[in-house]
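Remarks on the overall topology
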Amino acid sequence: MTDQLSDSYDVVVAGGGAAGLSGALVLARSRRSVVVIDAGSPRNAPASGVHALLGHDGIRPGELLERGRAEVRGYGGHVVTGEVAGVTRDGDGFEVALADGRTIGARRLLVAAGLVDELPDIPGLRDLWGGDVVHCPYCHGWEVRDRAIGVLASGPLSVHQALLFRQLSADVTYFTHTMPAPAGEQAEQLAARGIRVVTGEVAALEIADGHLAGVRLSDGTVVGRQVLAVASRMVARAGFLASLGLHPVEHPMGVGEHIAADAAGRTDVPGVWVAGNVTDLVAQVGGSAAAGVIAAAQINADLVAEDTRHALEAS
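Everything in this summary refers to the structure shown in the same document. Given the structure is predicted, the values throughout are model-derived calculations rather than measurements.

Parameters and conventions
- Residues numbered from 1 in each chain as written.
- Predicted model: local features only at pLDDT ≥ 70, side-chain atom pairs only at ≥ 80, totals over all residues.
- Heavy atoms only, no water.
- Helix = DSSP H or I, 4+ residues; strand = E, 2+ residues; numbered from the N terminus.
- Rg over C-alpha atoms; globule rule 2.2 N^0.38 Å.
- Buried < 20%, exposed > 50% of the residue type's maximum accessible area, 1.4 Å probe, protein only.
- Contact = heavy atoms within 4.5 Å.
- Areas by Shrake-Rupley, 256 points an atom, 1.4 Å probe, with all protein chains shown as cover.
- Lys, Arg positive; Asp, Glu negative; His and termini not counted.
- Charge placed at Lys NZ, Arg CZ, Asp CG, Glu CD.
- Axes fitted to C-alpha atoms, helices over the stretch in contact; angles between N-to-C directions.
- Parallel < 35°, antiparallel > 145°, perpendicular 65-115°, else oblique.
- Left-handed = near helix turned anticlockwise from the far one by under 90°.
- Nonpolar A, V, L, I, M, F, W, Y, C, P; charged D, E, K, R; others polar.
- Salt bridge = Lys/Arg side-chain N within 4 Å of Asp/Glu carboxyl O.
- Pairing = 2+ DSSP bridges.
- Phe/Tyr/Trp six-rings, centres within 6.5 Å; stacked < 30°, edge-to-face > 60°.
- Lys NZ or Arg CZ within 6 Å of the ring centre and 35° of its normal.

Moving on, we get to the overall build of the protein chain. Secondary structure summary: the protein chain contains six helices and 19 strands in total. Relative to a compact globule of 315 residues, whose C-alpha radius of gyration would be 20 Å, the protein chain shows 22 Å and is just as compact. Each of the three principal axes of the protein chain carries a C-alpha extent, and together these read 75 × 35 × 35 Å. Sorting the 315 residues of the protein chain into buried and exposed places 48% on the buried side. Sequence separation of 24 or more characterises 59% of the internal contacts of the protein chain that already satisfy a separation of 6 or more. In the form shown here, the protein chain has an accessible surface area of approximately 14500 Å², with 51% of it arising from carbon and sulfur atoms. Placing the 24 positive and 36 negative side-chain charges of the protein chain at their respective mean positions leaves the two points 5 Å apart.

For the pair helix 4 (residues 158-166) and helix 5 (residues 184-192), interaxial distance at closest approach is 11 Å and the crossing angle is 15°. Classified by the angle their axes make, helix 4 and helix 5 are roughly parallel. As helix 4 runs across helix 5, the sense of the crossing is left-handed. Across from V159, A162 and L163 in helix 4, the residues of helix 5 making contact are Q186, Q189 and L190. Within the contact of helix 4 with helix 5, the residues separate by chemical class into four nonpolar, two polar and no charged.

Below, the discussion takes up the pattern of salt bridges. A full pass over the atoms with the stated rule returns 17 salt bridges. The closest approach of N and O atoms between R60 and E63, which form a salt bridge, is 3.8 Å. Between E257 and R233 there is a salt bridge, with its nearest N and O atoms 3.4 Å apart. One end of the pair, E257, is in strand 18 (residues 256-258); the other, R233, is in strand 16 (residues 233-236), and 24 residues separate them in sequence. The class for E257 is partly exposed, based on a relative accessible area of 27%. Under the relative-accessibility criterion, R233 is labelled partly exposed at 30%.

Another aspect to go through is the sheet that holds strand 8 (residues 133-134). Read from one edge to the other, the open sheet built from five strands follows the order 8-15-9-10-11, with strand pairing classed as parallel. Two strands close off the open sheet at either side, each with one partner strand: strand 8 and strand 11 (196-198). The pairing of strand 8 with strand 15 (residues 227-230) spans two bridges and is parallel. Residue V133 lies in a different strand from strand 15, and its bridge partner there is L228. Helix 4 contacts strand 8, strand 9 (149-152), strand 10 (172-175) and strand 15 of the sheet and is inclined by roughly 170° relative to strand 10.

Let's shift gears to the packing of aromatic side chains. What the rule picks out here adds up to zero aromatic pairs. Above the plane of the ring of W142 lies R145, whose end atom (NZ or CZ) is 4.0 Å from the centre.

All right, on to the sheet that holds strand 17 (residues 249-250) then. In spatial order, the strands read 7-16-18-17; together these four strands make up an open sheet with mixed pairing. In this open sheet, the two edge strands, each paired with only one partner strand, are strand 7 (115-118) and strand 17.

With that out of the way, let us pick up the pairing of strand 12 (residues 202-208). Within a regular beta strand, the side chains point alternately toward one face of the sheet and then the other, so they alternate between its two faces. Direction of pairing for strand 12 relative to strand 13 (residues 211-217): antiparallel, over a ladder of six bridges. Of the residues in strand 13, the one forming a bridge with L205 is V215. What sits between strand 12 and strand 13 in their antiparallel hairpin is a turn of two residues, with D209 showing a positive phi close to 55°.

Right under this line is the structure:
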């Protein structure tokens, strides 16, 4: 990756994942000057492959991003290592400050900085994240099919998560951990699908030879498991937008905090669009890439309208 920067761009893209690179590709192909500021910390870095992405199923996350960067550069776009530290309004545009002290002018912003997964504080869980500890049945389900799967209750969708993983294995155990035990209809659903419910707080994961061997409860009981599914609390990486009055808000599904936007990624702040996990917390790689394309098309149309107004004023 290069550190080449111009003084200003039509569009600065914060985030070099699927959403940001897809948006930059559309903008570069529209002959817009565009730079992607990539902090190099993709959410899916621990995963062995990207799945459910048509034509690229199983591709290594790093390889997908390498291809994307090359494609953006092939149309004249810039991809730069760095981290956006702050953004301020500058006339009709913005001044973007990087953590290393550099600044860039931008007519428009596309924020695709992703999210941070906040995991339960259980010894061993973070160590296996992206391996034997998973979160998404569509991202990892096929790879863990027919194994002994545990589901750790951690949020409002945990029972739903257990039912989804039951589609993939007949051996699913639901650990209530610090959440109330399922009751009523939820308890009936789990029972009907043969999902065992284990009450009690989880103290740690048992790891053998680098793999999950079991789940240890606070009373010392160990329940043998090969895979543990856990829903993280997902929080948008968007603190640098606070100076514009744009703050993460609670997601309607209760799964974390996101930057609210319309279907095209337009936020309440004129000139700022968002795409990918920073706004759609549950989007997979394909959905994030598509959102980047949609937002970029809207940004280009907005710039075309502005360019046309300026041309009319000058005529």
